[in-house]
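Now for the letters of each chain:
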Amino acid sequence: MRKHIFNAGPCKLADPCLENTAKAVLELNNSGQSILEVSHRSKDFQAVMDEAVSLFREVLSIPDNYHVLFMGGGASTQFAMIPMNFLKTKAAYVNTGTWSKKAIDEAKLFGNVEVIASSQDKNYTYYPKGFKIPSDVDYLHITSNNTIRGTEIFEDLNAPVPLIADMSSDILSRPVDVSKYAMIYGGAQKNMGPAGVTFVIIRNDMIEKIADRVVPTMLRYSTHVEGESMYNTPPCVNIFAVKETLKWVKAMGGVKAMEKLAKERAEMLYAEIERNPLFRPTVEEGSRSRMNIPFIWAEGKEDLQEKFLDFAKVRNIVGLKGHRSVGGFRASTYNACTIDDVKALVKCMQDFEKEV
Ligand code: PMP
């Protein structure tokens, strides 16, 4: 039986993505070869890549003056590539927790970093708003959804400098005005597909804004633009699964439909966290992520931790354990998480309340 999966990433993927990828692993399009065996230079794979790129463009309304790339290395490699390619003197970063801090640390290796806003003062339980963006920096970097702390910004900022966003954990969960960004990137392993492929949406002019330093070939954006994501062997099966996920998002009604469902799931779960006397939320209202919902025990109930996780497990609910740096619980409610999955979790919380 399929479980109610609340993992933070890798995470639940849509059934058609799993089914069609499984079929392609056995045989791709009557080619007599598996997607694992076929040459990345073959017509069959080129068609997969082209469809993945064009579906991404269509679903997220990516304007023509942006390149769409699929690469390896995860979002973590982008943390280094961004400053390597674009940091000439100074870059601005917003610090909203673990992932933005990692991005900041990499940037410091290549130049000056100005942290222009931070939610560290309150243990990253809110998303800073209304901060002033300097105009003398090479770019501004934000993490639009903080997977660990569960905070999210829903607004596409107006920045006077190139705006770069790590959208690893909220891509495809709402319509985005891509034209406000110089670059959007992320690891695919939440709303886009499986782990092992990284998406990059980059405005054409950024490729000409490269810093004057030696950058290894594989770490230059221009390499991947010129190679059309095939400078080296791409993660073929992962890209296939991304294509299937995008097909599913489109069939479901696109990012607007995803946003509606995301709101519904998050509201339902937050309502229970607020109501249930055993639990409490950690994130301030107005900053609450629709993708990652952390919650902790009400005071004095902490001893119930393992008991609740076991209680959930026998109800086929998995992936609730909070990140090791925060504790408590975190339910990740990405696109493929259904309303029924959330209902099962809410019912489990209510049954547990009756039991203890
Ligand atoms: N940024 C965010 C917001 C993330 O959630 C993660 C991974 N969970 C990363 C970056 C790192 O991604 P990767 O593991 O693909 O390097």
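Bear in mind that the values here come from a model prediction, so they are computed numbers and not experimental data.

(A) Spatial organisation of the sheet that holds strand E11 (residues 279-281). Read from one edge to the other, the open sheet built from three strands follows the order E11-E12-E14, with strand pairing classed as antiparallel. Both outer strands of the open sheet, E11 and strand E14 (329-332), are each paired with one neighbouring strand and no more. Looking at each pair of strands side by side, their axes are set apart by 35 degrees on average, direction ignored. In this structure, strand E12 (residues 292-297) lies alongside E14, joined through four bridges in antiparallel fashion. Residue Ile-293 lies in a different strand from E14, and its bridge partner there is Ala-331. On top of the sheet, helix H8 (residues 305-314) reaches E11, E12 and E14; it is set at about 30 degrees to E14, its chief contact.

(B) Quick peek at the pattern of salt bridges. Tallied over the entire structure, the rule returns 18 salt bridges. Residues Asp-15 and Arg-2 are paired through a salt bridge, measuring 3.0 Å at the closest nitrogen-oxygen approach. Of the two residues, Asp-15 is situated in helix H1 (residues 15-26) and Arg-2 in the segment before strand E1 (4-5); the sequence distance between them amounts to 13 residues. Under the relative-accessibility criterion, Asp-15 is labelled partly exposed at 39%. For Arg-2, a relative accessible area of 36% translates into the label partly exposed. Of the charged contacts in the structure, one is a salt bridge between Asp-205 and Arg-203, with a shortest N-O distance of 2.6 Å.

(C) A look at helix H9 (residues 339-355). Taking 1.5 Å of rise per residue, 17 residues should cover 24 Å, and H9 covers 24 Å from first to last C-alpha, within 8% of that figure. By the burial criterion, the buried members of H9 are Ile-339, Asp-341, Val-342, Leu-345, Val-346, Cys-348, Met-349, Asp-351 and Phe-352.

(D) Quick look at the sheet that holds strand E2 (residues 66-71). With mixed pairing, seven strands are arranged side by side in an open sheet as E2-E10-E9-E8-E5-E3-E4. Both outer strands of the open sheet, E2 and strand E4 (112-118), are each paired with one neighbouring strand and no more. Neighbour-to-neighbour, the strand axes of this sheet turn through a mean angle of 20 degrees, independent of strand direction. Strand direction decides the pairing type here: strand E8 (residues 163-166) and strand E9 (residues 183-187), joined by three bridges, are parallel. For Asp-166, the partnering residue across the bridge sits in E9 and is Tyr-185. Sheet strands touched by helix H2 (residues 43-59): E2 and strand E10 (198-203). Its angle to E2, the strand with the most contacts, is close to 130 degrees.

(E) Region of interest: the nonpolar core. In terms of nonpolar packing, the biggest core is built from 56 residues, with Phe-56, Leu-60, Phe-70, Leu-140, Leu-172 and Met-192 touching the most fellow members. Considering every element that reaches this core, the biggest residue donor is H2, with eight residues. Both domains that meet at this core, namely domain 1 (15-252) and domain 2 (253-355), each give it at least three residues. Among all residues touching Leu-172, those that are not within four sequence positions of it are Phe-56, Val-59, Leu-60, Asn-191, Met-192, Leu-246, Val-249, Val-255, Met-258 and Asn-335. Phe-6, Phe-308, Val-342 and Cys-348 belong to the second-largest nonpolar core, a separate cluster that totals 27 residues.

(F) Highlighting unusual backbone geometry. In this chain, Gly-9 is followed by Pro-10 through a cis amide linkage whose omega measures 0 degrees. Structurally, Pro-10 can be placed in the loop between E1 and H1.

Thresholds applied
- Residues numbered from 1 in each chain as written.
- Predicted model: local features only at pLDDT ≥ 70, side-chain atom pairs only at ≥ 80, totals over all residues.
- Heavy atoms only, no water.
- Pairing = 2+ DSSP bridges.
- Helix = DSSP H or I, 4+ residues; strand = E, 2+ residues; numbered from the N terminus.
- Axes fitted to C-alpha atoms, helices over the stretch in contact; angles between N-to-C directions.
- Contact = heavy atoms within 4.5 Å.
- Salt bridge = Lys/Arg side-chain N within 4 Å of Asp/Glu carboxyl O.
- Buried < 20%, exposed > 50% of the residue type's maximum accessible area, 1.4 Å probe, protein only.
- Expected span 1.5 Å × (residues − 1).
- Core = buried A, V, L, I, M, F, W, Y, C linked by side-chain atoms within 4.5 Å.
- Domains from an automatic or database assignment.

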